[in-house]
Amino acid sequence: MSKLESLVYTNEKCIGCNKCINVCPAMGACTSVDVDGNERRISVNGTYCVSCGACMDACVHGAREFHDDTERFFADLKAGQKISLLLAPAFLANYPSQYGSVLGGLKQLGVNRIISVSFGANITTWGYLNYIKKYNYLGGISQPCPAVVRYIEDYTPDLLPKLFPVHSPMMCAAVYCRKELKITDRLAFISPCIAKKLEIDDPNNEGLVQYNVTFDHLMQYVREHRISGPNCKDEIEYGLGSICPTPGGLKENVYWFLGEDVAIRQIEGKKRMYEWLQNNSKRRHERPPLQARRYRRAYQNSRKTRVRGAREIGRWRSRRVAHGAREGR
Ligand code: SF4
Ligand code: SF4
C-alpha cells in the first residue's frame, strides 16, 4: 500500500464537525475538502496519517472507516490457499464466548494451524532483556505499536535511533513459525489493530505475514456468513506473554525478570503518547551535548546509589530477621 492511500478513510456520513481534527496527532492528516460545491467533508491524507485510529474513536457519526485484509483472506481461503493463523491473545479476552466456535468455523473453512501470538510476546520479552543486559541500554522506546513507529519515522525522526531493535510479538511469532515450526503456509494475523497493516507491508519485514484480519471486520464477516464450528483453540503453551497486550504488559514482563529497579515509563493514551514523543524530540534538540552527558552520568550515578541503597536495606532487613530469630520473635 502506498503512503498516498490511507488505511483510514472518510465516508459519506461526514458532516464536517471537525472532531477528528481535534484528536489527530498527525499534522495534515485530516483535511477539509469540498463535496458537490457547498458541502464540506474532512478527508484523510494518507501521506500524513499514521493509522492511530484516534479519529475513529472520536467520530460519533460513523464517518470514519478503515481497510484491512479480511475480504482477501476469506477469498483466498475459499480458493484453496493454505493459510495458518497468528492469533492475538486479545481475541480471547474480547470474545470469550465466541472464541472456540469462531476458531472451529475457520478450521472448517480450511485454516491449517492456529498459533498464539502470546508465544511471540515471550520471544519479544527475551529480545528486550537480552538487548538491555548486553548493551546496558538506557532510554529506549519499545516498538510493538506500528502507529508509534510510523509517527517517529515521519514526525520525530531524531528518535529513530532510540527504538529498540526488537520485533513485535506478531513478527517474533511469524519468524518462529517459519524457522522453527517450518510452516510454509500464508500467515494471517487476527489482529486488534488497524496499523498492523503498515508493519505487515513494510519491506523490511520480508513478507513474513500476508494478511491483517482485524477483530471488527472478522466478526462482522462471521456474523454475516454464520461461521461457526466445533470448539477449537490455539496451539502452543504460553506464559507471561499473554499479558503483553494489556496496558503496561511488556513492562510487567521486564519487571518480572529484571526486578523493579529498572526504570520503565508507561505512556498510555493516544494524545499523551504523541505529545510525549514531540516533547522528547524537542528536549533532545534543546539539550547541549555536554549537558546531556552530565545528565546521563548523574542518572547512572543516582541509579548506582539506588541499587546500593536497596542492597543496604536488604542487608539491614536480614540482620533484623536474624536478630528477631535470636530474640525468639
Ligand atoms: S469524520 Fe466524523 S469527526 Fe471528522 S468531521 Fe466528519 S463527522 Fe466529524
Ligand atoms: S488515524 Fe490517526 S493519524 Fe490518521 S487521520 Fe485518524 S487520528 Fe489522524
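Nothing here was measured: the structure is a model prediction, and the numbers come from that model.

Caption draft 1: Inspection of the overall build of the protein at higher detail. In terms of helices and strands, the protein carries 13 helices and 8 strands. Put simply, the protein has 329 residues, and 29% of those count as buried. For the protein, the proportion of contacts with a sequence separation of at least 24, taken over those separated by at least 6, is 75%.

Caption draft 2: Structural context of the site of ligand 1. Neighbouring ligand 1 are 14 residues, the closest being Cys 14, Cys 17, Lys 19, Cys 20 and Cys 59. Of the residues that constitute the shell around ligand 1, the class distribution is 8 nonpolar, 4 polar and 2 charged.

Caption draft 3: Representation of the site of ligand 2. In the vicinity of ligand 2 lie 14 residues, with Cys 24, Cys 49, Cys 52, Ala 54 and Cys 55 positioned nearest. Per-class residue counts for the shell around ligand 2 are 12 nonpolar, 2 polar and no charged.

Caption draft 4: Region of the structure containing helix 5 (residues 99-108). Those residues of helix 5 not exposed but buried are Val 102, Leu 103 and Leu 106. Taken down its axis, helix 5 places every buried residue within 95 degrees of arc, on the same side. The secondary structure elements touched by the buried residues of helix 5 are strand 6 (114-116) and helix 10 (215-224).

Caption draft 5: View of the nonpolar core. Residues Leu 86, Ala 173, Ala 188, Phe 189 and Ile 190 are the most contacted members of the largest nonpolar core, which totals 31 residues. When residues of this core are traced back to their parent elements, those giving at least two are helix 3 (70-78), strand 5 (83-87), helix 5, helix 6 (117-135), helix 8 (169-179), strand 7 (186-191) and strand 8 (211-214). If you tally residues by element for this core, the top one is helix 8, at 6 residues. For Phe 189, the residues in contact, after removing those within four places along its chain, are Leu 86, Met 170, Lys 196, Ile 200, Val 209, Tyr 211, Asn 212 and Val 213. In terms of nonpolar packing, the next biggest core, distinct from the first, is built from 28 residues, Val 8, Val 44, Tyr 151 and Ala 195 among them.

Caption draft 6: Region of interest: unusual backbone geometry. The phi angle at Asn 18 is positive, at roughly 75 degrees, despite the residue not being glycine. Here Asn 18 lies in the loop between strand 1 (8-10) and helix 1 (19-23). Within the chain, Glu 206 stands out as a residue other than glycine whose phi angle is a positive 55 degrees. You can call Glu 206 exposed: it has 11 C-beta atoms within 10 Å.

Caption draft 7: Local environment of the sheet that holds strand 8. Read across the sheet, 4 strands follow the order 6-5-7-8 without closing on themselves; strand pairing throughout is parallel. The open sheet is flanked by strand 6 and strand 8, the only strands paired with a single partner. Across the sheet, the axes of successive neighbouring strands diverge by a mean angle of 25 degrees, strand direction being ignored. Here strand 7 pairs with strand 8 via 4 bridges, running parallel. Bridge assignment links Ser 191 to a residue of strand 8, and that residue is Thr 214. Docked against the sheet, helix 10 engages strand 7 and strand 8, running at close to 70 degrees with respect to strand 8.

Caption draft 8: View of the environment of Gly 110. Mapped onto the secondary structure, Gly 110 falls in the loop between helix 5 and strand 6. Using a count of 14 C-beta atoms within 10 Å as the deciding quantity, one classes Gly 110 as partly exposed. Between the alpha carbons of Gly 110 and Lys 82 there is a distance of 7.5 Å; along the sequence they are 28 residues apart.

Rules and cut-offs
- Residues numbered from 1 in each chain as written.
- Chains lettered and ligands numbered in written order.
- Predicted model: local features only at pLDDT ≥ 70, side-chain atom pairs only at ≥ 80, totals over all residues.
- Helix = DSSP H or I, 4+ residues; strand = E, 2+ residues; numbered from the N terminus.
- Buried ≥ 20, exposed ≤ 12 C-beta atoms within 10 Å, placed from the backbone.
- Contact = placed C-beta atoms within 7 Å.
- Near = placed C-beta within 6 Å.
- Nonpolar A, V, L, I, M, F, W, Y, C, P; charged D, E, K, R; others polar.
- Arc of directions from axis to C-beta.
- Core = buried A, V, L, I, M, F, W, Y, C linked by C-beta atoms within 7 Å.
- Pairing = 2+ DSSP bridges.
- Axes fitted to C-alpha atoms, helices over the stretch in contact; angles between N-to-C directions.

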